[in-house]
Structures are given as C-alpha cells and as structure tokens.
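Analysis of the macromolecular model
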Amino acid sequence: MQWEIVIGLEVHAQLSTHSKIFSGASTAFGAAPNAEACAVDLALPGVLPVLNRGAVERAIKLGLSVGGKINSPSIFARKNYFYPDLPKGYQISQYELPVVEGGVVRIRSAQDGKECEKTIRLTRAHLEEDAGKSLHEDFHGMTGIDLNRAGTPLLEIVSEPDMRSSAEAVAYAKTLHSLVRWIGICDGNMQEGSFRCDANVSVRPQGSDKLGTRCEIKNLNSFRFLEKAIDYEARRQIALLEDGGIIHQQTRLYDPAKDETRAMRSKEDAQDYRYFPDPDLLPLEIPASWIAEVKSGLPELPQQMRTRLERDYGLSAYDAAALTADREIAEYFDAVADKLPSDPKLCANWIMGEISAYLNNEGKLFDDCPLSPAQLVQLLGRIKDGTISGKIGKEVLRQMWTQSGEQAGGWKRHDSEPNENLVDEIIKSQGLKQISDSGELDKLIAEVIAANSKSVEEFRSGKEKAFNALVGQVMKAAKGKANPAQVNEILRKKLA
C-alpha cells in the first residue's frame, strides 16, 4: 500500500521583549538559575498578572505579515495541567479567541527534482507564557527546577496539516524562522530555545481524505532534528499499520543519539486542560488605530522583496530567494546593488559567494561584515572596468577583509568612516593592476606558444583542452594579472 504523510507544526517563538509577558522580570538568557524569577513568575499569593504591550505588538506584526485576522477582543485562558516547572499549576494561554486567526506562509521546496512553491495555511497564533525548565543533569538522581524562563512571552504559531514530507516541514519552519527574525519579533536562536517546533505526524493511505491518528513530537530545536524525527515517526507508524497494529495518540520525544522517537505520555485533548477565561486578565481589545500604526512600521516583507528583485533586477527566483533568506543579507545586497545597478547578478554572486564564505568562516552575521557596501562596489567596479581580474579581485578582497576587520563593529556601526579608496590603494601598493596592454600580452603569448609546441599541435588537431592549458601558461607567466578576455582573443588569432 502507498502511504501519505500528513504534517502540521506548532512553532513556539520566544518574543524579543526585555521583560516577561505578565511581569517586569528580565528575559535575558544565561542568568544563574532562578535569578530572574519574580513573585509573579513564582505564583506567590496575592500577585496579579499585567500584560506586556510589547508582546501584543509583536503578535500583531506576525498576524499582519502572514495576512491573518487580528482578533479584538482576544481572550486569555488558563490551561490547567501539573508539571514541576509550572509554579501556578496552570499556564496562561489563549484558546477560543487567539490574538491572530488564519493567515498563510508560502514555502519553496524541492519536489521530484524541481523547486515548487506551496502555500501552508495557518490555523492561529496565540500568546502564552513559557514554563520553567527541569534540569536532570548534575543533580545525582534528582531534578533541579530553573524558573528563569517561566513567564517569558511566547507566540505559538499553529499550522494546518498541509505538509506532506519532512522536506516541506523543514522548508516551512525555515521560512517562518526567517520571517520572525525579519520583522524583529524573535531572535530565532534555536540553541537557546527561542524558536522550537512540535511536529504533529500521521499517515494515511494514498488518496484518502481522512486524517490518521496523530502523534506529536515535542521540542525539536534544530531543522535537522525536525527532519529526522518526522522521517522516523512516519516509518514507525507505517510499519505498525502494515503489521496490523493501531496508532495511539501520543506525545513523543525524539532521541537524536538513537535517531528514534519514544513515547512520553498519552496525548491530551483540549478538554483535558479544562480551559476557562483567566479571571485576572480582561479581554484584550486591540483598536484599529493600533493595528494601522503597527502595519505602517513593518519593513518590506521577504515575499515582496523577492518579487521586486526578480522584477527590477532580473534576478532568478533562486537568487532572489537566497538573498531574502535573511534580512541582513537582503539589506546588504540592496545597499550594494543601489550603487551598482548595472550588474546586480555580479553583486549577488559576490555577496552569496565570497562575502558569505568569509562571514561563515568567522561565525559572523551580515551586520558584522567589516566591508561597507561602498567598498564592495569599488572592488566590483574595478573588476568590471578591467583594472583587475576576478581572480585578483579575490586576493584584493582578502586584504580588504584583513584591514577593514581591524575596525570595531560591522558595516552599519563602524566607529570611523570606512576607507572607500581601500581597493585602489591595495591594487597600487601590491602592483595588482591587470595587464591589458596588447603589446605586452602579445609578447607573453608568443613566448608561451614557442615554449609549448606540443600543446599548440594538440589544439590545432582539435583538442580544445590544449587551448585552456595554453591560457593557463600565459596567466602563470603574467602572475595572474593578464586580462583573460584579451588573452583568449590574441591567443586564438595567433593559433588560427
């Protein structure tokens, strides 16, 4: 029997507020255990929650960015369950009326060897408080409780079960991860738990429209683990069904060391949590004027920018998607292409190639790039006008990187104005200017032809590789500084 995998994701994005959702305690990561848990977070008698306006504003941003409906009013509810790191014995969340309802996320993923676009529907996005953490290591068989995270604002973004493979689920998670960072509502740090996923996985016979029994895999904090967990769980369910077994609704955990999921508990339904409106929090009214104010402050969104890059710069869908995978890359490209509009493809190639490679090697983001857009434009300009070759350009870039890296901060926050004559200074001081004088090239090529008679004969007998070997010898003789286009032209004329 052919099986179809059905996947829906619940993504928890920690919102980038400085204080918690219902208290003034800090949300900074890395403090000593329980150092950032105040009386409200600890649920001491007599305390009352006060809603963080910044958390609501970030939820509105997400809702507008995905085309969702901003509900007014929305209602906070108590979600009742017991866990050691949940001091109140309930979590303040939203149930019947979430702050955001509906919306879509458009993803690009490979299907049958081709990249396709697919629309994933969102069910809702609701505000809630995070729980604390149970620490099981270094306690000699006991468990430690750290409540620093308790009360950190979360936006839980719930999709419809629209994904049909682990690749689609990863593409969706990456797109959402990029979006929350793009609009500035979450730092997206998966290692610190700022962005984590729960995957609801079920299988059904191919062609059936009836959903199978789902299992939820909790707390996946890397895209690789998300993919591997879904693939394992799908295989497990298919094998169980084909063996005549029954899928039981469960919450499961993924063990990356064993590459398997294991049962954690039977999966609860909504009624098990006994939701009811929180009596300490009034219904949240969001006026239209506030929504309009938030909307006016949104940046150009990734999908809008992709469309613009393809339309205005003639970039391919692949290049446009790569440049808009991160807002920092997109802003850097925009700043470079704005100064060199005649060759946006060259700008894109160097940004996604050489510049990205240097940053990745140093573990830096694009905002930390030591080269200003104007400096990169000057380098690309010297390549375009023939002053240096692309190969020499890479050597110039290496020296620029070393010298500019001595300045504090990235290109947006240099303590001093970047040296925009740096490219010309390096070319002049190192004698890197490309040889474009036809007389000088003619002499070099004549010497190479005389010294490589075998390659000349092979080329004239129809072996094109021999020509490339001769070009290589010319470039070697010129120490890489010969103009490649002129070398090709003169060499072909001499060998004709």
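This text follows the structure it describes.
This structure is a prediction, so every number in the text was calculated from the model and none was measured.

1. Quick notes on the pattern of salt bridges
Scanning the entire structure with this criterion turns up 30 salt bridges. The closest approach of N and O atoms between Asp-326 and Arg-181, which form a salt bridge, is 2.6 Å. Taken together, the residues span a long stretch of sequence, with Asp-326 in the loop between helix H6 (317-323) and helix H7 (327-339) and Arg-181 in helix H2 (residues 166-182) at a distance of 145 residues. Note that Asp-312 is salt-bridged to Arg-311, the shortest N-O span being 2.8 Å.

2. Things to note about the sheet that holds strand S3 (residues 76-80)
Strand order in the open sheet formed by three strands is S4-S3-S15, with antiparallel pairing between adjacent strands. In the strand order of this sheet, the two ends are held by strand S4 (90-94) and strand S15 (276-277), each with one partner.

3. Observations concerning the side chain of Ser-65
Position of Ser-65 relative to the elements: it lies in helix H1 (residues 53-65). Here the side chain of Ser-65 touches Lys-61 through a polar contact of 2.8 Å, landing on its backbone oxygen. Ser-65 has contacts with Leu-179, Ile-183, Leu-298 and Leu-301, leaving out every residue within four places of it along the chain.

4. Structural notes on the packing of aromatic side chains
Within this structure, the stated rule accounts for nine aromatic pairs. Between Tyr-313 and Phe-333 the ring centres are 5.8 Å apart and the planes differ by 85°, which places this aromatic pair in the edge-to-face class. Taken as a pair, Tyr-313 in helix H5 (residues 302-313) and Phe-333 in helix H7 lie far apart in primary sequence, 20 residues in all. Centroid distance Tyr-358 to Trp-401: 4.8 Å. Interplanar angle 20°. Geometry classified as stacked.

5. Regarding the layout of surface pockets
One number sums up the size of the second largest pocket: a volume of about 1400 Å³. Going through the elements one at a time, strand S6 (104-111), H2, helix H3 (223-242), H5, H6 and H7 are the ones with two or more residues in the lining of the second largest pocket. Here the lining of the second largest pocket gets nine residues from one element, more than from any other, and that element is H2. Of the residues that constitute the lining of the second largest pocket, the class distribution is 20 nonpolar, twelve polar and 14 charged.

Rules of the game
- Residues numbered from 1 in each chain as written.
- Predicted model: local features only at pLDDT ≥ 70, side-chain atom pairs only at ≥ 80, totals over all residues.
- Heavy atoms only, no water.
- Salt bridge = Lys/Arg side-chain N within 4 Å of Asp/Glu carboxyl O.
- Helix = DSSP H or I, 4+ residues; strand = E, 2+ residues; numbered from the N terminus.
- Pairing = 2+ DSSP bridges.
- Polar contact = N/O pair within 3.5 Å; in protein donor to acceptor, adjacent residues only side chain to side chain.
- Contact = heavy atoms within 4.5 Å.
- Phe/Tyr/Trp six-rings, centres within 6.5 Å; stacked < 30°, edge-to-face > 60°.
- 1 Å grid on protein atoms, 1.4 Å probe; cavity = no way out; pocket = protein on both sides within 12 Å on 5 of 7 lines; lining within 4 Å.
- Points joined across faces, edges and corners; volume = space filled by probe spheres on them.
- Nonpolar A, V, L, I, M, F, W, Y, C, P; charged D, E, K, R; others polar.

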